[in-house]
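Residues per chain are reported as follows:
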Amino acid sequence: MAEEKEGKKKKTPRQSMPEQGPAVRAKNFDEVPFGYDEETAMLEASRCLQCKKPSCVEGCPVSVDIPAFIAKIKEGDFTGACRKLWERNALPAVCGRVCPQELQCEGKCIVGKKGDPVAIGNLERFAADWERHHGTGELPPIEEPTGKRVAVVGSGPSGLTVAGDLILKGHDVTVFEAFHLPGGVLIYGIPEFRLPKEIVGQEVNFLVRQGVNLETNQVVGRTVTIDELFEQGYDAVYLGVGAGLPRFLNIPGENLIGIYSANEYLTRSNLMKAYLFPKYDTPIIKGKNVVTLGAGNVAMDSARTALRLGAESSKIVYRRSRQEVPARSAEVHHAEEEGVEFHFLTNPVRFFGDEKNRLTGMECLQMELGEPDDSGRRRPLPIKGSEFKLECDLAIIAVGAGANPLLTQSTEGLKLNNWGYIITDPKTGKTSKKGVWAGGDIVTGAATVILAMGAGRQAADSIDDYLKWGW
Amino acid sequence: MFKIVRKEEMSEGNVILNEIEAPLIAQKAKPGQFVILKANETGERIPLTMADTDPEKGTITVIYMVVGKSTALFKTLQVGDEYQDVIGPLGKPTHVEKVGTVVCVGGGTGIAVLHPITRAMKEAGNHVIAIIGARSKDLLILEDQMRAASSDLRVCTDDGSYGHHGFVTDVLKEVCEKEDVAQAVLIGPVPMMKFASLVTKEYNIPTLVSLNPIMVDGTGMCGGCRVTIGGKTKFACVDGPEFDGHQVDYDELMARLQAYCEQEKQCYEEFCTLEQA
Ligand SMILES: Cc1cc2nc3c(=O)[nH]c(=O)nc-3n(C[C@H](O)[C@H](O)[C@H](O)COP(=O)(O)OP(=O)(O)OC[C@H]3O[C@@H](n4cnc5c(N)ncnc54)[C@H](O)[C@@H]3O)c2cc1C
Ligand SMILES: Cc1cc2nc3c(=O)[nH]c(=O)nc-3n(C[C@H](O)[C@H](O)[C@H](O)COP(=O)(O)OP(=O)(O)OC[C@H]3O[C@@H](n4cnc5c(N)ncnc54)[C@H](O)[C@@H]3O)c2cc1C
Ligand code: SF4
Ligand code: SF4
Ligand code: FES
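Conventions we followed
- Residues numbered from 1 in each chain as written.
- Chains lettered and ligands numbered in written order.
- Predicted model: local features only at pLDDT ≥ 70, side-chain atom pairs only at ≥ 80, totals over all residues.
- Heavy atoms only, no water.
- Near = heavy atom within 4 Å.
- 1 Å grid on protein atoms, 1.4 Å probe; cavity = no way out; pocket = protein on both sides within 12 Å on 5 of 7 lines; lining within 4 Å.
- Sits in = over half its atoms within 2 Å of the grid points.
- Axes fitted to C-alpha atoms, helices over the stretch in contact; angles between N-to-C directions.
- Helix = DSSP H or I, 4+ residues; strand = E, 2+ residues; numbered from the N terminus.
- Parallel < 35°, antiparallel > 145°, perpendicular 65-115°, else oblique.
- Left-handed = near helix turned anticlockwise from the far one by under 90°.
- Contact = heavy atoms within 4.5 Å.
- Buried < 20%, exposed > 50% of the residue type's maximum accessible area, 1.4 Å probe, protein only.
- Pairing = 2+ DSSP bridges.
- Domains from an automatic or database assignment.
- Buried area = accessible area lost by both parts, 1.4 Å probe.
- Salt bridge = Lys/Arg side-chain N within 4 Å of Asp/Glu carboxyl O.
- Polar contact = N/O pair within 3.5 Å; in protein donor to acceptor, adjacent residues only side chain to side chain.
- Nonpolar A, V, L, I, M, F, W, Y, C, P; charged D, E, K, R; others polar.
- Points joined across faces, edges and corners; volume = space filled by probe spheres on them.

Section: the site of ligand 3
Contacts to ligand 3 come from Cys60, Pro61, Ile66, Asn89, Cys95, Cys99, Gln101, Gln104, Cys105, Glu124 and Ile450 of chain A. The pocket occupied by ligand 3, as judged from atoms lying within 2 Å of grid points, is the second largest cavity.

Here we look at the packing of helix 14 (residues 262-271) of chain A against helix 15 (residues 297-308) of chain A
In a pair of packed helices, the angle between the axes and the distance between the axes together describe the arrangement. All names here are of chain A. Closest axis-to-axis distance for the helix 14/helix 15 pair is 10 Å, and the angle between their directions is 50°. Between helix 14 and helix 15, the interaxial angle falls into the category oblique. Between helix 14 and helix 15 lies a crossing whose hand is left-handed. Between helix 14 and helix 15, the residues in contact are Ala262, Tyr265, Leu266 and Ser269 and Val298, Asp301, Ser302, Thr305 and Ala306, respectively.

Let's talk about the pairing of strand 7 (residues 85-90) of chain B
All names here are of chain B. Most of strand 7 is tucked away, with six of its six residues classed as buried. Judged from the four bridges that link them, strand 3 (residues 34-38) and strand 7 form a sheet pairing that is antiparallel. Its bridge partner lying in strand 7, Phe34 is registered against Leu90.

Things to note about the domain arrangement of chain B
All names here are of chain B. By the assigned domains, chain B splits into domain 1 (2-90), domain 2 (94-210) and domain 3 (211-277). Measuring from the centre of the C-alpha atoms in domain 1 to the corresponding centre in domain 2 gives 24 Å. Taken together, the contacts link 13 residues of domain 1 with 13 residues of domain 2. For the pair domain 1 and domain 2, the summed buried surface comes to about 1100 Å²; carbon and sulfur atoms form 63% of the total. The partner of Asp52 in a salt bridge is Arg119, and the shortest N-O contact between them spans 3.0 Å. For the pair domain 1 and domain 2, the interface holds three residue pairs in polar contact (both at pLDDT 80 or more). Looking at the side of domain 1 that touches domain 2, the elements that each hand over two or more residues are strand 4 (46-54) and strand 5 (59-65). It is strand 4 that contributes the most residues to the side of domain 1 that touches domain 2, four residues altogether.

Section: the interface of chain B and chain A
Listed as interface residues are 45 residues of chain B and, on the opposing side, 42 residues of chain A. Interface area for chain B against chain A, summed over the two sides, is near 3500 Å², with a carbon-plus-sulfur share of 54%. The largest share of the area that chain B buries against chain A comes from Met221, Arg226 and Tyr260 of chain B, three residues that together contribute 19% of it. On inspection of chain B and its partner chain A, the count reaches two salt bridges. One salt bridge in this structure joins Lys28 of chain B and Glu228 of chain A, with 2.5 Å as the shortest N-O distance. Per element, the largest residue contribution to the side of chain B that touches chain A is six residues, and it comes from strand 7 of chain B.

A look at the side chain of Thr157 of chain B
All names here are of chain B. With respect to the element layout, Thr157 can be found in strand 10 (residues 152-157). Of the polar contacts made by the side chain of Thr157, one reaches the backbone nitrogen of Ser161; its length is 3.1 Å. Among the polar contacts listed, one links the side chain of Thr157 to the backbone oxygen of Tyr162, at a separation of 2.6 Å. When near neighbours in sequence (up to four residues on either side) are disregarded, Thr157 contacts Ala134, Arg135, Ser136, Lys137, Tyr162, His164, His165 and Gly166.

Some details on the domain arrangement of chain A
When the parts of a complex come together, some accessible area is lost, and that lost area is often taken as the interface size. Residue and element names in this part refer to chain A. Assigned domains of chain A: these are domain 1 (13-24 + 31-134), domain 2 (149-244 + 402-469) and domain 3 (248-399). In this complex, domain 1 contributes 19 residues to the contact, which on the side of domain 2 involves 18 residues. Of the roughly 1700 Å² buried between domain 1 and domain 2 on both sides combined, carbon and sulfur atoms contribute 73%. Taken together, domain 1 and domain 2 are joined by zero salt bridges. For the pair domain 1 and domain 2, the number of links is three residue pairs in polar contact (both at pLDDT 80 or more). Ranked by residue count, the leading element in the side of domain 1 that touches domain 2 is helix 7 (residues 92-98), at five residues. Among the residues forming the side of domain 1 that touches domain 2, the class breakdown is twelve nonpolar, two polar and five charged.

Some points on empty space enclosed by the protein
For the coordinates displayed, the defined rule picks out six cavities of 30 Å³ or more. Here the largest cavity defines a volume of roughly 150 Å³. Lining of the largest cavity is provided by 17 residues; of these, Glu264 of chain A together with Gly224, Arg256, Ala259 and Tyr260 of chain B occupy positions nearest its centre. Residue assignment for the lining of the largest cavity shows that the elements contributing at least two residues are strand 6 (259-261) and helix 14 of chain A together with strand 14 (226-229) and helix 8 (250-257) of chain B. Residues of the lining of the largest cavity, tallied by class, amount to eleven nonpolar, two polar and four charged. Each pocket or cavity is described by its volume, and for the second largest cavity that value is around 110 Å³. It is helix 9 (residues 120-134) of chain A that provides the largest number of residues to the lining of the second largest cavity, a total of three residues.

Listed below in structure tokens is the structure:
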């Protein structure tokens, strides 16, 4: 008994990651956390109880064998840890950084019941980074060529997963990407300070080294259609085109200069590197008083980018309350530390501009929480007469994304739901069109990296079956 | 990589023609569609309409005016050089059908955009009256090609150095008065499209214009190209670039085109200083 008590006292606390201080990092685009060193990682790994029935695994959408990879870290076998991760997750360096762990693996970790859960995400990131920096770069074995050709449309996490899985099975895989660079949201959406582009580049390069063909600048539906891909001899097509349609608020003044969709703002900054203007040619409006509408990851990324581009104030305006904020808790925490101000229960009503059509401010309405609605969330209701003005010269609309119709409308025989998302069989990812699979945000609506990857893995298994046995 | 196989300078070196190897796009493109080009790693994505395509040869032709840093950079590319990225064909093709008499009005580099549409309108069996204008004779482009593409060509210059002395709108009014025009296509600087649309509106002539807002992706994913048409927001890259000329909010478009004017000036000046050094 006494021994156990003593053991409890010596319990190792959750190891935090060293990171750039808020004042410094709010002025640069370098990654915020530095990562664990080997000792810290091994110490953190020792906190895992190696549960026989690990509840953490249930929380992970792709069922990473969490105790197994953590055990390898504890032993100092970092390569082994990364290989364990790869069995279920092709992009651990990405997921370790961007998964909403508090809702998934870490949210279910038993250690978290009484204290802080094991830092599974941080450990995942450590193992993947270690392998990237010190690993042999040895390619996994590839099966005999099958002679079958697969076209993957979209190079986001979902498409990359499909490509990675099917190349290993000996199929000939070509990825078609509309942009000039591959990576999807990982390249154009999530900023450098959260996910260095070098990591995404290396992951893509890894696939190319295994033989995946990459065709950028190919807008499928325009440059080539899906039926033409079949005519060219492709045997199967996977659609992982994401949810690339910006949603606006549809309130007066929304087309003033100085109002961006988050997609445009982040694409200019990340993909086009407007933060390095004029070294890079694409300009971006740098506001002094910036307001971001919405409170998801996209909104946090926008509000924090604005600070780095020199904003004096960066505000988040959100119509619901703090409890409903959908962003990862780490991002909200980082944003607050950096000085982003949060205005909850606040609804935008209209924008104002000057004679040159440039944004000067917006009108908002204060909200209060009413009765719970069908979803059980208390619905925000406007408070009469609570209008107030907020000065701003840049507003970023980050209230979600919809289904981009460019590809789906140019493809016959593809069943869509009322919102334009592709309908698939939930077990296989099969669409209503023979030989065509889909997954990721274009099926589920804007979701997460790991869900998009999980859908890709499922579809890849089904495509492999099809290529061997038929539809 | 997309190699330049032909380059011509016109309009006192201010307007450049590039014929570019892009076989996939050449096979697909229809009149009215555009491409997005990026010269190099650090370059901007610039939309340009295809002035011509040659599916057999696998080339597309663009004609652009040098107005800022990116187009000045394009101008430095010579035959044999390559664009890093060319994406297309983007936008909806022009709806071409036999309607009777069609009047096609072009100003400045708008003439380059107008040319394939004019040709298609004539090939569809229409009687095509083309009206083209420039500030002066030396700045006029594609006169011979436009003559060949139309049934009847009228030319105007602002300074009277060639053809009719005055604006295209004057000649357009005359044509609308005299002829039974079934369709008008107006392509040029925004003010030209705005005022020419007012003319065709007077005569109740269905009118198409091609809009050139600032774009990023060209696939409907950023909303940067939004324009107001009949009070509704549309994305020019996927819903257009052609719209009903009588419904366009031209003043909003003109303002939005100035969004980056200060940064563009800085960027252009730095580039010109470097060029001269
Ligand atoms: C700013 C931002 C921050 C986010 N932060 C997080 C986070 O912290 N954690 C998290 O888990 N999730 C986050 N997400 C969500 C996550 O990124 C997405 O759910 C995920 O990327 C979806 O993957 P996907 O492969 O389905 O599509 P995408 O990543 O959207 O990729 C689709 C790709 O297809 C291409 N494409 C589209 N149409 C065509 C066409 N016709 N032809 C060819 N190519 C085409 C696109 O250019 C794109 O490259 C964030 C999203 C954004 C925008
Ligand atoms: C669908 C479409 C088709 C076009 N076709 C042609 C064409 O055939 N020939 C031609 O000469 N021009 C065409 N344009 C306009 C051309 O894209 C711009 O002139 C060019 O982008 C200017 O870039 P810049 O860096 O040289 O000049 P900048 O210094 O960037 O800008 C000079 C002016 O050009 C406009 N502009 C800047 N960036 C863009 C952009 N990305 N898109 C549109 N306008 C912009 C602005 O009004 C600005 O004031 C087209 C535009 C669109 C949208
Ligand atoms: S993939 Fe995401 S949810 Fe699964 S273990 Fe890794 S961080 Fe957790
Ligand atoms: S639930 Fe927590 S303690 Fe148990 S195996 Fe998973 S990470 Fe380790
Ligand atoms: S250019 Fe981005 S939506 Fe049209």
